[in-house]
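A closer look at the structure
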Amino acid sequence: MVGFARYQLPELPYKYGDLEPYIIEEIMKLHHQKHHAGYVKGANAALEKLEKHLKGEAEIDVRAVLRDFSFHYGGHIMHTIFWPNMAPPGKGGGTPGGRVADLIEKQFGSFEAFKKLFSAAAKTVEGVGWAVLAVDPLTGELRILQVEKHNLLMTAGHIPILVIDVWEHAYYLQYKNDRGSYVENWWNVVNWDDVEKRLETALNSGKALYVPEPPKLG
Ligand code: MN
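Residues numbered from 1 in each chain as written. Predicted model: local features only at pLDDT ≥ 70, side-chain atom pairs only at ≥ 80, totals over all residues. Heavy atoms only, no water.

**A look at the packing of aromatic side chains**
Heads up, the rule is: Centre distance within 6.5 Å is the pairing criterion for rings of Phe, Tyr and Trp, where only the six-membered ring of Trp is used; planes under 30 degrees apart are then read as stacked, over 60 as edge-to-face, and the remainder as tilted.
Counted under the stated rule, the structure contains 20 aromatic pairs. Pairwise contacts between aromatic rings join F108, F111, F114, F118, W186, W187 and W192 into one cluster.

**Here we look at the sheet that holds strand β2 (residues 142-148)**
Two strands in a sheet stick together by hydrogen bonds in their backbones, pointing the same way (parallel) or opposite ways (antiparallel). The condition is simple: At least two bridges found by DSSP between two strands are what make those strands a pair. Numbering of helices and strands runs from the N terminus; a helix is a DSSP stretch of H or I covering at least four residues, while a strand is a stretch of E covering at least two. Axis angles are defined between N-to-C directions and span 0 to 180 degrees, where every axis is a line fitted to C-alpha atoms and, for a helix, only to the segment in contact.
Overall, antiparallel pairing links the 3 strands, which are arranged β2-β1-β3 in an open sheet. Among the strands making up the open sheet, the edge pair consists of β2 and β3 (159-165). Strand-to-strand twist of the sheet, defined as the mean angle between neighbouring strand axes without regard to direction, takes the value 25°. Two strands pair when backbone bridges link them, and strand β1 (residues 129-135) and β2 are joined in this way by 7 bridges, in the antiparallel orientation. Its bridge partner being in β2, G129 is matched across the sheet by E148.

**Details of helix α7 (residues 192-205)**
Stated formally: Take the residue count of a helix, subtract one, and multiply by 1.5 Å to get its expected span. Only protein chains enter the accessibility calculation, which uses a 1.4 Å probe; a residue is then buried when its area is under 20% of its type maximum, exposed when over 50%, and partly exposed in between. Contacts are assigned to residue pairs with any non-hydrogen atoms lying within 4.5 Å of each other.
Taking 1.5 Å of rise per residue, 14 residues should cover 20 Å, and α7 covers 19 Å from first to last C-alpha, within 8% of that figure. Within α7 the residues assigned to the buried category are W192, D194, V195, E196, L199, A202 and L203. Contacts from the buried residues of α7 go to α3 (98-108), α4 (111-123), β1, β2 and β3.

**Points about the nonpolar core**
Across soluble globular proteins, nonpolar side chains show a tendency to be buried alongside one another. Under the convention used in this document: Among buried residues, the Ala, Val, Leu, Ile, Met, Phe, Trp, Tyr and Cys ones that are joined through side-chain atoms within 4.5 Å form a nonpolar core. The split of the chain into domains comes from an automatic or database domain assignment.
In terms of nonpolar packing, the biggest core is built from 52 residues, with M86, Y182 and W186 touching the most fellow members. Sorting elements by how many residues they give to this core places β1 first, with 6 residues. Both domains that meet at this core, namely domain 1 (25-82) and domain 2 (98-205), each give it at least three residues. The residues touching W186, leaving out its near neighbours within four places in the chain, are F82, M86, F118, L162, V163 and I164.

**Focus: the packing of α3 against α7**
Here is the rule: The scheme is simple: roughly parallel for angles under 35 degrees, roughly antiparallel for over 145, roughly perpendicular for 65 to 115, oblique for anything else. Basically, the charged four are Asp, Glu, Lys and Arg, the nonpolar ten are Ala, Val, Leu, Ile, Met, Phe, Trp, Tyr, Cys and Pro, and anything else, Gly included, counts as polar.
One way to put it is that α3 packs onto α7 with a least axis distance of 7 Å and a crossing angle of 80°. Considered as vectors, α3 and α7 are oriented roughly perpendicular to each other. Residues G98, R99, V100 and L103 of α3 lie in contact with α7, whose contacting residues are W192, V195, E196, L199, E200, L203 and N204. Residue composition of the contact of α3 with α7, by class: 6 nonpolar, 2 polar and 3 charged.

**Topic: the coordination of the manganese ion**
The test is simple: Each metal's donors are the N, O and S atoms found within 2.8 Å of it, except that Na, K and Ca use a 3.2 Å limit; water is left out, so coordination can look incomplete.
Coordination of the manganese ion by the protein comes from H31 (NE2), H79 (NE2), D165 (OD) and H169 (NE2), over a distance range of 1.9 to 2.2 Å. Linear spacing of the donor residues for the manganese ion on their chain is H-x47-H-x85-D-x3-H. You can see H31 sitting in helix α1 (residues 25-54) and its partner D165 sitting in strand β3, a full 134 residues away along the chain. Pair check on accessibility: H31 and D165 agree, each one buried.

**So, the domain arrangement of the protein chain**
Going by this rule: Take the accessible area each of two parts loses on contact, using a 1.4 Å probe, and add the two losses: that sum is the buried area.
If you check the domain split of the protein chain, you get domain 1 (25-82) and domain 2 (98-205). A separation of 23 Å is found between the C-alpha centroids of domain 1 and domain 2. At the junction of the two partners, domain 1 supplies 15 residues and domain 2 supplies 20 residues. The junction of domain 1 with domain 2 conceals about 1,500 Å² of combined surface from both sides, 71% of it contributed by carbon and sulfur atoms. When residues of domain 1 are sorted by the area they lose upon contact with domain 2, I27, M78 and I81 head the list and together hold 44% of the total.

**Some thoughts on unusual backbone geometry**
Here E20 and P21 are connected by a cis peptide whose omega angle stands at 5°. Residue placement: P21 occurs in the segment before α1. If you check the backbone angles, K149 has positive phi at about 50° while not being a glycine. Relative to the helices and strands, K149 resides in the loop between β2 and β3. At L153, a residue that is not glycine, the phi angle is positive and equals roughly 80°. With respect to the helices, strands and loops of the structure, L153 is situated in the loop between β2 and β3.

Structure below.
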């Protein structure tokens, strides 16, 4: 038997209108139901082509199919992290606690310095893409990355724990071309509990990290 599991569009952990006034319902609905769903469909279509090829039912352009898979699967993964990375204002926003706060302070000096650098990363992504806070698998430290489209410049092995989508579909209906205001307002809906959970999992699971022990603080 030859085959791959298919991906599914995850439910949002809140209602489409719950991130208002910072991200309006219309954006969330289109973003989830059309854009994210499209990446799921695209990734599954690439898997189907590979399956047919393995079964001897179709010739494929391997390079093109793998490229297509990388794009769509990258999109699926990033959006799957993006939704729970946010929470309605009140539950979201504010400043992190726990280990995220400790690492941010140790590596970046202060939350404000981190926020400034991460915002700059998000505002200056060339074309469309993401700013990403990720765990470095070799040191267990936090890294800020820029990702173009959904996959380009992604750094091997890094585990994303906080991502912001800066494709125009993420903000244009509300902010027009003002990506900067969108980025500044997005901080009001960051779900730091979710970010903390992802950091703990990355550091403690030991499965995805090459670092033998979590980094010591202080
Ligand atoms: Mn998107």
